[in-house]
Amino acid sequence: MRRFLFAIFLIFSLVCSAFAGKYDIVDFIYTNDIHGHITVEEARFMNPDFPPKVGGLASVKTFIDRVRARAPKEDYTLFVLDAGDIFQGTLIGLYERGTVIPRAMNLVGYDYWTLGNHDFDYGADIPESLATIMNATCVCANLVDSTTGKLVPYVKPWDITERLGIRFGFFGIVTSRTPRMSFPVNVKGFVFTDMVDATKNCVKELRENGADVVIGLFHTGMPYNPDEGWEEVQKIESGEYATSGMDMNTMELIHFVPGVDIAFSGHIHKGYHTPWEDPVTHTVAVQNYSGTASVGYIRFYFDKKTHKIVKYECPEGDCIVTLFPEEFPPDSIVSAFVKEKQSLAEAGMHDTVGVALGDFHKSKDLNTTIGNLVTTAMLEATGADVAMVNKGGIRDDIYKGSITRNDVFRVLPFDNRLIVCSITGKKLKQIIEVGLSSFSHGVCLSGAVVWYDPDREEFDRIIRMEINGEPLREDNIYKFVTIDYLMQGNSGMKILTTIPHKNQFFQGMLMRDAMYHYLEVHKEITPDESKRFINMGNQE
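Not measured: the values here are computed from a predicted model.

A few words on the packing of helix α2 (residues 57-70) against helix α4 (residues 100-108). Axis separation between α2 and α4 bottoms out at 9 Å; the angle between their running directions is 20°. Compared by their axis directions, α2 and α4 come out roughly parallel. For the pair α2 and α4, the sense of crossing is right-handed. Where α2 abuts α4, its residues L57, V60, K61 and I64 lie against A104, M105, L107 and V108.

See below:
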């Protein structure tokens, strides 16, 4: 086996040396949506019964060091990049107000990064703290100070660095939808400007300042399905579908703004195992999965004279490299730092609070067992008739076996608090219609069953509704519980801001605490497979 591996390594080195004589070789290792997942974790998505250990920033460092060690000695360079959402989502991520993550990333050695929408979740001061601590240059071209009208001082719109005689220009874009995804207080003082305009300006200014290669870090997301995403691009182009520079995803931005050579994307937690190349602009786009269970890795070959891209490839045969600790032993320095902070952040959080008799999963479908569990807990904690939460507020699965406090935290990491409202049946139906529309990314319900037709016009998709087994009556008054995040109009739920304050009753209870209370009462829980949403489309 050792002889075989040595032979492979020798062949790889010879091939690299041959190319190095003709081309300049540039490697990019990239992450996105780390969300505080910097420790070694169980990969239940691979095998729920016997999950292997994967990931951690310490293994990311090992992978980077290994790539550097086997790289050509000449005509070669490497960039390490991140596309935002670095800290929110785990206890260690939130520890010391998020600052553990950039300090750990400094030990790994990142070159450039951009902010993500969740990097604003815990206050307007957090992005500055993250960007200031991080050694890597933070590029973010559409984040403006509302007082000065200028870019916030701790980021750059773009930056140029020269290696191998090639001038690489980097810029960053954070989704302009961030104010719709965070509490108003967390984005107070910021203006998230038009992403198309910002991208155009960066491409223009980078070229005028001599950039040979223009590289964008986009926290705007490549589509979950690239074929469906490309269909949307064509609909926009034909005028069939309208959008704006405030709403575009990465695929749309790099199509409608030519001149970007390479795009590193985040925000959507879907890894691209092969690069996606725009058939018109020929921009090459990649995206890793969330966390650090894997890293993205792509190589570009540049003509030595023109500095143009000649070809690109995934050196590992796949742009996504899964980091198994036995294959990539954790770096000792990074590992020691992470373990120390993890022990402090998770103190007392490994106590068992309940037992799951089955798996509770998230899903792209409207009906999810984890959504049913969370909203049922909300009902029991408040005595409401109907509970609703956005799907994006539920971040992880619960697996069969013991449930710890940390498990609950991973499912519900946001400090969302419960609010009970008195509303009419008519208003309740209107709210659920919004949840079924393109303005929402989906909601989870308990206490209600909704029969709907997705092929009908938006806001007229509900065919029938039942509340606790009885037909909805539009003139009845119902107790409706949701979270403060939605009540402030986030995730497309502006309709909730029209509920009079006199009809709102702030509970003060965290949604996470409602789950703890539910587990304390029930001890053992079984997945509820019942459907809250019943699709009646295409019924003939």
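Taken in spatial order, the five strands line up as β22-β19-β26-β21-β27 in an open sheet, and their pairing is mixed. The open sheet has two free edges, formed respectively by β22 (443-446) and β27 (504-510), since each of these has just one partner strand. Each neighbouring strand pair of the sheet contributes to a mean axis angle of 25°, computed without reference to strand direction. For strand β19 (residues 386-390) and strand β26 (residues 477-483), the ladder comprises two bridges, and the chain directions are parallel. Bridged to V386 within β26 is F480. Here helix α12 (residues 425-435) sits on the sheet in contact with β19, β21 (417-424), β22 and β26, set at roughly 125° to β21. On top of the sheet, helix α14 (residues 511-522) reaches β19, β21, β26 and β27; it is set at about 65° to β27, its chief contact.

What follows deals with the pattern of salt bridges. Pairs may arise between side chains of opposite charge once their charged atoms sit close together. Applying the stated criterion across every chain, the model contains 25 salt bridges. Between K61 and D65 there is a salt bridge; the shortest N-O distance is 2.8 Å. Of the two residues, K61 and D65 both sit in helix α2, four residues apart, roughly one turn of that helix. Judged by relative accessible area, K61 falls into the buried class, the value being 16%. Under the relative-accessibility criterion, D65 is labelled partly exposed at 32%. Measuring nitrogen to oxygen at the nearest pair gives 2.8 Å for the salt bridge that ties D415 to R512. Here D415 is found in the loop between α11 (405-411) and β21, whereas its partner R512 is found in helix α14, with 97 residues between them in sequence. Residue class for R512 comes out buried when judged on its relative accessible area of 9%. What you see here is one network of salt bridges that share partners, running through D24, D75 and K304.

About the thresholds
Think of each chain on its own: its residues are numbered from 1, step by step along the sequence as written. Reporting in this predicted model follows two pLDDT cut-offs: at least 70 for local features of residues, and 80 or more for side-chain atom pairs to be given and counted; totals over whole chains, interfaces and linings ignore these cut-offs and use all residues. Only hydrogens and water are set aside when side-chain values are computed; all heavy atoms of the structure are taken into account. To get an axis, a line is fitted to the C-alpha atoms, and for a helix only the part in contact is used. The angle between two axes follows their N-to-C directions and goes from 0 to 180 degrees. Helix and strand assignments follow DSSP, with helices taken as H or I runs no shorter than four residues and strands as E runs no shorter than two, numbered in order from the N terminus. Angle categories are assigned with fixed cut-offs, so that under 35 degrees is roughly parallel, over 145 is roughly antiparallel, 65 to 115 is roughly perpendicular, and the rest are oblique. A crossing counts as left-handed when the near helix is turned anticlockwise from the far one by less than a right angle, and as right-handed when that turn is clockwise. Here, two residues are considered to be in contact whenever any of their heavy atoms come within 4.5 Å of each other. At least two DSSP bridges between two strands are needed for those strands to be called paired. By convention in these notes, a salt bridge is any Lys or Arg side-chain nitrogen within 4 Å of a carboxyl oxygen on Asp or Glu. Burial classes: relative accessible area under 20% of the type maximum marks a residue as buried, over 50% as exposed, and values in between as partly exposed (1.4 Å probe, protein chains only).

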